[in-house]
Amino acid sequence: MHAQIPLSNNATSNDNTLSVGDLLLKSKPSTSSASGDTTSSLVSALSAATKSFTVKPLTESLVLETVEICKQHQKWSELVKLIGGTFSQIDVLKQSFRLEEADETTGLTLDLPSLRNTYSALYSLPELPFNSALINALTQLSDDLLIELQYRSAFERDPEILNVILIVLNLPCLDSPEYIEKVYPRFLKAMTHLPLQGRKSLVQTFVCLGREYQRSLLTSLQQLLTIRVVSQSEKWSSQHVLNYDEHIACAAKVMKLVYYASLLGGRLDDSDTLSKERENSENLKKSVLEFMRSVTERSSVKERAEVKEDPLAQVLGIRALDCREPLIHRLEFVNEMINETLATDQDFAYYKAQNGTFTFIEHSFLLSTATKSMAMYCDNKMRMISERRSAILSSLMHGRQLIPYLRLRVRRDHIIDDALVGLEMVFMDNPQDLKKQLYVEFDGEQGIDEGGVSKEFFQLITDEIFNPDFGMFAYDEDTRHFWFNPDSFENDAQFTLVGILLGLAIYNSIILDIRLPMVVYRKLMGKLGTLDDMELSHPVLYSSLNQLMRHEGNVEEDIMATFTLSRTNMFGETISHSLKEGGAELSVTNENREEYCHLYADYMLNKMVEKQFNAFFKGFHMVTDESPIETLFTAEEIEELVCGSSAWDLHALEESTEYDGFDAGSETIKHFWTVVHGMDVEDQKKLLQFVSGSDRVPVGGLSKLNMVITRNGPDCDRLPTSHTCFNVLLLPDYKNFEKLRERLTLAITHATGFGML
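1. Remarks on the overall build of the protein chain
A count of helical and extended segments in the protein chain gives 33 helices and 12 strands. For the protein chain, the proportion of its 757 residues judged to be buried stands at 52%. In the protein chain, the share of contacts with a sequence separation of at least 24, taken over all contacts with a separation of at least 6, comes to 74%. When the accessible surface of the protein chain is totalled, it reaches about 35,400 Å², and 48% of it is carbon and sulfur.

2. Observations concerning the sheet that holds strand S9 (residues 658–660)
Here four strands make up an open sheet; going across it, the order is S9-S10-S12-S11 and the pairing mixed. Edge strands, defined here as strands with exactly one partner in the open sheet, are S9 and strand S11 (721–723). Mean inter-strand twist for the sheet, computed between neighbouring axes without regard to direction, equals 25 degrees. The pairing of S9 with strand S10 (residues 708–711) spans three bridges and is parallel. Note on S10: the bridge partner recorded for Asp660 is Thr710.

3. Description of the environment of Asn467
Along the chain, Asn467 falls in the loop between helix H20 (452–465) and strand S5 (473–476). C-alpha separation for the pair Asn467 and Phe482, spaced 15 residues apart in sequence, amounts to 9.4 Å.

4. Some thoughts on the confidence of the model for the protein chain
Taken as a whole, the protein chain shows an average pLDDT of 85; of its residues, 89% reach a score of 70 or greater. In the model, residues 1–47 has pLDDT below 50 throughout and makes 80 contacts with residues more than four positions away in sequence or in other chains.

5. Remarks on the packing of helix H11 (residues 184–191) against helix H12 (residues 196–231)
In the contact formed by H11 and H12, the axes pass within 14 Å of each other and the chain directions differ by 140 degrees. It follows from the interaxial angle that H11 and H12 lie oblique. When the axes of H11 and H12 are compared, the crossing they make is left-handed. On the side of H11, the interface is formed by Tyr184, Pro185, Leu188 and Met191, while H12 contributes Leu202, Leu217, Ser220, Leu221 and Leu224. Each residue belonging to the contact of H11 with H12 can be placed in one class, and the counts come to eight nonpolar, one polar and no charged.

6. Side note on a negative patch on the surface
Residues Glu100, Glu101, Asp103 and Glu104 make up a contiguous surface patch of negative charge. Along the chain, the position of Asp103 falls in the loop between helix H5 (90–94) and helix H6 (112–122). A residue is classified by how much of its surface remains accessible, and Asp103, at 32% relative accessible area, is partly exposed.

7. A word on the pairing of strand S12 (residues 728–731)
With burial as the criterion, each face of S12 is covered, one bearing Val728 and Leu730 and the other bearing Leu729 and Leu731. As defined by bridge partners, S10 adjoins S12 across four bridges and the pair is classed as parallel. Looking across to S12, one finds that Thr710 is bridged to Leu730. Alignment of S11 against S12, held across three bridges, turns out to be antiparallel. Each bridged residue has a counterpart across the sheet, and for Thr721 the counterpart in S12 is Leu730. Between the antiparallel neighbours S11 and S12 lie four residues, among them Asn727 with a positive phi of about 55 degrees.

8. Notes on helix H33 (residues 737–749)
Between the first and last C-alpha of H33 there are 18 Å, a value that for 13 residues agrees with the 18 Å anticipated at 1.5 Å per step. Considered for burial, the residues of H33 that qualify are Lys739, Leu740, Arg743, Leu744, Ala747 and Ile748. With its buried residues spanning 145 degrees around the axis, H33 presents them on a single face. Residues of H33 that are buried in the fold lie against helix H31 (667–678), helix H32 (681–692) and S12. Where H33 starts, the residue carrying a side-chain oxygen 3.4 Å from the main-chain nitrogen of Glu738 turns out to be Asn736.

9. Thoughts on the side chain of Lys372
Mapped onto the elements of the fold, Lys372 is located in helix H18 (residues 369–398). Among the polar contacts made by the side chain of Lys372, one reaches the side chain of Glu637 at a distance of 2.8 Å. Ignoring sequence-local partners within four residues, the contact set of Lys372 consists of Ser364, Leu367, Leu632, Phe633 and Glu637.

10. As for the pattern of salt bridges
Applying the stated criterion across every chain, the model contains 50 salt bridges. Here Asp158 and Lys94 are joined by a salt bridge, their closest N and O atoms 2.9 Å apart. Of this pair, Asp158 sits in the loop between helix H8 (154–157) and helix H9 (162–169) while Lys94 sits in helix H5; the two residues are 64 residues apart in sequence, bridging distant segments of the chain. Of the residues examined, Asp158 reaches a relative accessible area of 24% and is grouped as partly exposed. Relative accessible area serves as the criterion here: at 11%, Lys94 is assigned to the buried category. Through salt bridges with shared partners, a single network forms among Arg267, Asp269, Glu277, Arg278, Arg319, Asp322, Arg324, Glu325, Arg522, Lys527, Asp532 and Asp533.

11. Looking at the packing of aromatic side chains
The tally for this structure, following the rule as stated, stands at 25 aromatic pairs. Between Tyr259 and Tyr260, the ring centres sit 5.8 Å apart and the planes meet at 45 degrees, which makes this aromatic pair tilted. The residues Tyr259 and Tyr260 share a single accessibility class, namely buried. On the numbers, 6.0 Å between centres and 40 degrees between planes, the contact of Tyr405 with Tyr439 is tilted. Of this pair, Tyr405 sits in the loop between H18 and strand S3 (406–410) while Tyr439 sits in strand S4 (residues 438–442), and the two are 34 residues apart along the sequence. The partly exposed category is assigned to Tyr405, whose relative accessible area is 27%. Joined through ring pairs, the aromatic side chains of Phe466, Phe473, Tyr475, Phe482, Trp483, Phe484, Phe495, Phe613, Phe616 and Phe617 make up one cluster. One cation-aromatic arrangement involves Arg412 over Phe442; the distance from NZ or CZ to the ring centre is 4.2 Å. When the ring centre of Phe563 is taken as reference, the NZ or CZ atom of Lys580 above it lies at 5.6 Å.

12. Structural notes on the nonpolar core
Counting 94 residues, the largest nonpolar core has Phe457, Tyr521 and Leu524 as the members making the most contacts within it. Broken down by element, the residue count for this core peaks at 10 residues, all from helix H21 (residues 492–507). Contact partners of Phe457, with chain neighbours within four places excluded, come to Leu408, Val410, Ile415, Ala419, Val440, Phe442 and Leu501. Ranked by size, the runner-up nonpolar core spans 92 residues in total, among them Leu62, Leu145, Leu224 and Tyr260.

13. Quick notes on unusual backbone geometry
Residue Arg480 is not a glycine yet carries a positive backbone phi of 60 degrees. Tracing the backbone shows Arg480 in the loop between S5 and strand S6 (481–484). Look at Arg480 and you get exposed, because its relative accessible area is 54%. Of note, Asn706 is a non-glycine position whose phi angle comes to about 55 degrees, a positive value. Structurally, Asn706 can be placed in the loop between H32 and S10.

14. Digging into the packing of H31 against H33
Any two packed helices are characterised by how steeply their axes cross, that is the angle between the axes, and by the distance between the axes. H33 packs onto H31 with a crossing angle of 55 degrees between their chain directions and a minimal axis gap of 9 Å. Regarding the angle of H31 to H33, the classification is oblique. H31 and H33 meet at a crossing whose hand is right-handed. Across from Thr668, His671, Phe672, Thr674 and Val675 in H31, the residues of H33 making contact are Phe737, Leu740, Arg741 and Leu744.

15. Overview of the pairing of S4
For S4, the tally of buried residues reaches five of five residues, placing the bulk of the element in the interior. Note: S3 against S4, five bridges, orientation parallel. The residue of S4 that forms the bridge with Val410 is Phe442.

Reading the values: the criteria
- Residues numbered from 1 in each chain as written.
- Predicted model: local features only at pLDDT ≥ 70, side-chain atom pairs only at ≥ 80, totals over all residues.
- Heavy atoms only, no water.
- Helix = DSSP H or I, 4+ residues; strand = E, 2+ residues; numbered from the N terminus.
- Buried < 20%, exposed > 50% of the residue type's maximum accessible area, 1.4 Å probe, protein only.
- Contact = heavy atoms within 4.5 Å.
- Areas by Shrake-Rupley, 256 points an atom, 1.4 Å probe, with all protein chains shown as cover.
- Pairing = 2+ DSSP bridges.
- Axes fitted to C-alpha atoms, helices over the stretch in contact; angles between N-to-C directions.
- pLDDT = per-residue confidence, 0-100.
- Parallel < 35°, antiparallel > 145°, perpendicular 65-115°, else oblique.
- Left-handed = near helix turned anticlockwise from the far one by under 90°.
- Nonpolar A, V, L, I, M, F, W, Y, C, P; charged D, E, K, R; others polar.
- Patch = residues over 30% accessible without salt bridge, like charges linked within 9 Å, V, L, I, M, F, W, Y side chains within 5 Å.
- Salt bridge = Lys/Arg side-chain N within 4 Å of Asp/Glu carboxyl O.
- Lys, Arg positive; Asp, Glu negative; His and termini not counted.
- Charge placed at Lys NZ, Arg CZ, Asp CG, Glu CD.
- Expected span 1.5 Å × (residues − 1).
- Arc of directions from axis to C-beta.
- Polar contact = N/O pair within 3.5 Å; in protein donor to acceptor, adjacent residues only side chain to side chain.
- Phe/Tyr/Trp six-rings, centres within 6.5 Å; stacked < 30°, edge-to-face > 60°.
- Lys NZ or Arg CZ within 6 Å of the ring centre and 35° of its normal.
- Core = buried A, V, L, I, M, F, W, Y, C linked by side-chain atoms within 4.5 Å.

See the structure below:
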């Protein structure tokens, strides 16, 4: 028999029916305290009793009225009954706070303002008398929701089941310890069984709810992840990795919805631009494949494997690269505890296996640039090993010369000619050889390349190539960036080889000292340069165009410009270009000035350097075409992969340095760090160059350098030496501070070349 739940203790039910309120009161000892109504016995009684009663859907007025009645009687059983009964039943909760017509802005049938007012009133009550009942109800609700979504196609039957999810996700208590421990993970697990269209609808709803709601939800998810990783810290091992933890996996999957909502609600490129970019990117990549096939008769150049896209991103039509400014900065999604604990190599192995195991690479928004670079390092190493095995097999089967490495032999005084000729011979013979591990030899030097020789090679060759006198790139004094020289005498092959060098640097985890504007990295990912990009690449021109866009007078009379662009080439000659057909006769007006500005930017960033950039793009993708670089990294992160981190923190280097023959308390080590901290930045960079072969900061900061200082005998007059391949500094145990400073300064100032120690 069913009965309506009374709103007060004065209301009665059928004489033959025991009300929920009676059950609640009978299940506890008599007490006058308000908090006594929330004991575990009450909750147990509630759980059993509410299954036999019809509960009214919640409304703001119903809850507020119940709160007032309970305050008057100083007994909270009716509120406990109301909250516990409603939140434990999907069908009742789905009808709660319901609008008669969907909201025009959000499309929701859920009255969010009313819901939030209700929560505000409830959570202002002292001691939260309903809390235990709510936890118990949500536990039951989560289990029921899991069954409904997983086995009964609940969303397909009634999409308004999303109202249940939104009502729970708006609870202000989800990040409290008791909810994180008992309720939140179970509810998130149920959410992960939403079908694709359900997740799409939820993302679109999150977009409508705005930045602050998304940030609040993100904060609660981050807290759950961090607490879970820390609380289980003793269990993590090679046999028990983060990937197998259900709580972490479910939280990450739901966080992906917030991540996509942040992108979708952010500042995106317009649809016409995105369409052009996708067409342009496909054409460029197709030309790379055709070129690689044209230069070799072998069948080793295979069709480029399609990048595996996330199905949710596909139905939403969104990529991280398409969003210039998300609602929430990407770094807020990074979880430091996961990055510190994650076994990146195992995660990558699961990702490649595609056996259904949860992987963080498929949720890369959680990962720092340093962690993602480690994942790409694993991918590159696997590819290098594969190419090495192929070379050995080819040698055995066909009698070809065994060439397991990409070997370059160069002379220091002819480094560009030797390198470019050597690389041209490689890719003209077999482009797949570019994916072998790089091995550099300097003519007349005995150094064996375990990484350090390659670092110096790249530093020397980039210094030469990006020298404005060489003519391939022009240097802008204002931005301190290099840009493609449209008047360069170098042919396409030269720019292709420069692209190969950049790809090889990333592929072999070598950081370069080059300064290119951000738009170059965006274009390498298949984007087109737009007016927004000119703010960083050509700030003076951008400022002029921006002033034109904001001009309040008559543009045609005041500016007197036409749809043409004039520039001075390297010989001092003026070259004019029409931005559109008949541009010389078309005046710029208030009505068409926006079109003019966009065409101007398109010419400067795309069309003017199209020949040079397309060759550069081709070379870069000949090396990285099979790499997960596009799916893992943003343009900003790719710049960090190429140029290293901008953080210069010697204290981080000191804390992470290891010692062999010394310890941190050794007198010589104390003297060493005193000398280093007393150097100016230029000398500190020379020291970094001396120890590691590069003066660039690794991705993730100087703590990732893994520097080792080894005791190289007792006090003597020998200079310090280094193994740049392994970031090892060999330091004699000098007798005093002055001698250490003098010897170290001399060593880092005059270090050039490699020899056998």
